[in-house]
Amino acid sequence: MVERAAGAPIESTTRSVVGVLRCSLEHLASEVPESYRHLVAELDRLVVEVVVDGEVFTLRTGRGRVEVVDGRAAAAGASIATTRATVLDVLDAEVALAEAVESGRLDVRGSLDDVLRAHDTLTAYVHAAIRASSVPGLIDALRNTQDGVR
Amino acid sequence: MRVPSGAPAAEVMSDMAVLARGDFLRAPVLATARPEGYKEWHHFAVHRPGWRLLVNFSLANEPLPDRPLRLVPRVIVIIHQERWSGVVERFTDADLHVSADLGSVAIGRHSMRIGPDGYRITIDSPERGIGGELHLTPVSRPFVVTNQPAGSGRLSWLLVPRLRATGWFRAGGVEHRLADEPAYHDHNWGRFRWGEDFGWEWSSILPSNSGDPWSLVFTRVTDRRRLHSFYQALFVWRHDELVAVYRDAAVRADSHGLLARPPDCTLPPPMRLVLGGEACDVPESVEITGTRSGEVMRAEFRPVSYARLAQPSEVDLDRSVVLCETSGTAHIRGVVDGEELDFTGDGVFEWLHG
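Here's what I pulled together on the structure shown here.

How each quantity is defined
Residues numbered from 1 in each chain as written. Chains lettered and ligands numbered in written order. Predicted model: local features only at pLDDT ≥ 70, side-chain atom pairs only at ≥ 80, totals over all residues. Helix = DSSP H or I, 4+ residues; strand = E, 2+ residues; numbered from the N terminus. Rg over C-alpha atoms; globule rule 2.2 N^0.38 Å. Buried ≥ 20, exposed ≤ 12 C-beta atoms within 10 Å, placed from the backbone. Contact = placed C-beta atoms within 7 Å. Arc of directions from axis to C-beta. Pairing = 2+ DSSP bridges. Axes fitted to C-alpha atoms, helices over the stretch in contact; angles between N-to-C directions. Core = buried A, V, L, I, M, F, W, Y, C linked by C-beta atoms within 7 Å. Parallel < 35°, antiparallel > 145°, perpendicular 65-115°, else oblique. Nonpolar A, V, L, I, M, F, W, Y, C, P; charged D, E, K, R; others polar.

This part covers the overall build of chain B. Counting its regular elements, chain B contains three helices and 22 strands. The C-alpha atoms of chain B give a radius of gyration of 19 Å, which matches the 20 Å a tight globule of 354 residues would have. Along the longest, intermediate and shortest principal axes, the C-alpha atoms of chain B span 60 × 45 × 40 Å. Across the 354 residues in chain B, those meeting the buried criterion constitute 47%. Excluding contacts between residues fewer than 6 apart, the proportion of contacts in chain B whose partners are at least 24 apart in sequence is 62%.

Here we come to unusual backbone geometry. Residue and element names in this part refer to chain B. The omega angle of the peptide bond from L267 to P268 is -15 degrees, so this bond is cis rather than trans. Residue position: P268 is located in the loop between β18 (265–267) and α3 (272–275). Positive phi is not limited to glycine here, since E82 has a value of about 75 degrees. You can see E82 is positioned in the loop between β3 (67–81) and β4 (83–90).

All names here are of chain A. Where helix α2 (residues 33–43) is concerned, the buried positions are S35, Y36, L39, V40, E42 and L43. Taken down its axis, α2 places every buried residue within 160 degrees of arc, on the same side. Buried residues along α2 sit in contact with α1 (17–31), β2 (55–62), β3 (65–70) and α5 (112–131). Once α2 ends, the next one or two residues include D44, with phi positive near 50 degrees.

Hydrogen bonds between backbone atoms are what pair the strands of a sheet, whose relative direction is either parallel or antiparallel. Residue and element names in this part refer to chain A. Strand order in the open sheet made by the five strands is β3-β2-β1-β4-β5, with mixed pairing throughout. Edge positions in the open sheet fall to β3 and β5 (107–110), since each of these has one partner strand only. Direction aside, the axes of adjacent strands within the sheet are offset by 20 degrees on average. Looking at chain direction, strand β4 (residues 78–82) and β5 are connected through four bridges and run antiparallel. Opposite A81, over in β5, you have D107 as the bridge partner. Of the strands in this sheet, β2 and β3 are in contact with α2, which crosses β3 at around 65 degrees. Those strands touched by α5 are β1 (48–52), β4 and β5, and its axis lies near 130 degrees from that of β5.

Attention shifts here to the nonpolar core. With 134 residues, the main nonpolar core has L28, L39, V48 and A128 of chain A together with V77, L216 and L234 of chain B as its most contacted residues. When residues of this core are assigned to their parent elements, the largest contribution, eight residues, is made by α1 of chain A. Leave out the neighbours within four places in its chain, and L28 of chain A touches S35, Y36, L39, A128, A129 and A132 of chain A.

Attention now moves to the pairing of strand β1 (residues 38–48) of chain B. Residue and element names in this part refer to chain B. Among the 11 residues in β1, 10 count as buried, and that is most of the element. Bridge count between β1 and strand β12 (residues 174–191): nine bridges; the pairing is antiparallel. If you follow H43 over to β12, its bridge partner there is D186. Two elements, β1 and strand β2 (residues 51–64), share 10 bridges in a ladder whose sense is antiparallel. Pairing of A45 across the sheet is with L54, part of β2. Turn length for the β1-β2 hairpin, with the two strands adjacent in sequence and antiparallel, is two residues, and the turn residue G50 shows positive phi of about 75 degrees.

Attention now goes to the packing of α2 of chain A against α5 of chain A. Residues and elements named next belong to chain A. Relative to each other, α2 and α5 sit at 170 degrees, their axes nearing to 8 Å. By the angle between their axes, α2 is roughly antiparallel relative to α5. Residues S35, Y36, H38, L39, E42 and L43 of α2 form the contact with α5, whose participating residues are D120, T121, A124, Y125, H127, A128 and R131. When its residues are assigned to classes, the contact of α2 with α5 shows six nonpolar, four polar and three charged.

Of the residues lining the interface, 29 residues belong to chain A; the matching set on chain B comes to 24 residues. When residues of the side of chain A that touches chain B are traced back to their parent elements, those giving at least two are α1, α2, α3 (84–91) and α5 of chain A. Here the side of chain A that touches chain B gets eight residues from one element, more than from any other, and that element is α5 of chain A. A class-by-class count of the residues in the side of chain A that touches chain B yields 16 nonpolar, seven polar and six charged.

Next up, the structure:
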């Protein structure tokens, strides 16, 4: 991502995809609370299981927040499997989301309703992130680390 | 590019003192007095055969929970070399430095300074692969329009329709040396909110042949659907002098067709996730006609390619407004004060769709 927040505080523990995601959600909650609440409302009761390279984690709502839990979900409505390289290519607009899905670089499974809700949640996340000053720096952190250390 | 023959260069240079007085940064005063919705930006476009450079120094007051509004500085660089690409760099207010005379602004390592001989711009972002030093000397007099409607707010601007750009610029591993290339500058300030019911069309046309003395600027502010025009004007300069202004009913702009190609790039890139699609409403051609005292001026612009710049809506949490920065060719024909014009130029058109 070429937008960056110069001087934005980037946690040193955000080298994994799940670490970056957790950190970004914390920033969204504090920097753009209205957008964050919209994101929580979009995810609602959906449980999304995400696999990025070797990392497995689950997204769900709880106590009015988006929770990111390590490991597989017992009953995920939608499942997403992809790679860190694909995540970065999509964020850099090198590959459109639809192209990533059609080419198999990003695998999405679930009922149509749940997949659409997952997409709406992603859209809400992007709209929130683009309004938050520190998230671009987090994406730089994701780009600049190649290991999966959390 | 040379100063067009017959242009009173010395007179124009003396006008630089006027320009420096008028083109100062408003934010330190206006954004402090009433911060809500305040925005300001200095915009520059440099033309070169097969190459365009847009540089924008932007300040916008943005809210942060539990804190007063603060000015968020951004530097936007969009460049066309074979295709459009670009960088949007966002900084904090701690990275912003404005000189006491309000004529110079530094944002991080980037800077813009207005001096007695023109504008000096430094872009320095090696980590993004861009950098350059530009010196832009006005060869036409500035023109100011104030307090035009933009949604519930107002927008003012200062135009310098024609400058000469020298220096160098590097992007994508390619360095370009600039020697008196034609350029354009505008400076905008006001209070409004992105996403309100307005849009605009903004264009600069400069002749491909540096000997041609003409420069044109067209602006139109409309509602979001572009059904109602709040303000529109076509300005024509000969050498340094504004020789014709066609306003409101004296000017019409007709769009034809749609440009059948996707954007070369979307900025910031993650916004491609929410903008999606490849359809656009950039027209295939635009014909602008001004009529005055029985004389007619026509400018036909044909876009070739474009970059898409997204601004988060300040009205809706899940909407954006999109600016399409378009390059292409323009053909100008007409008569001004009995003098015939017929030339081809390079155009940069910007469409803002609310």
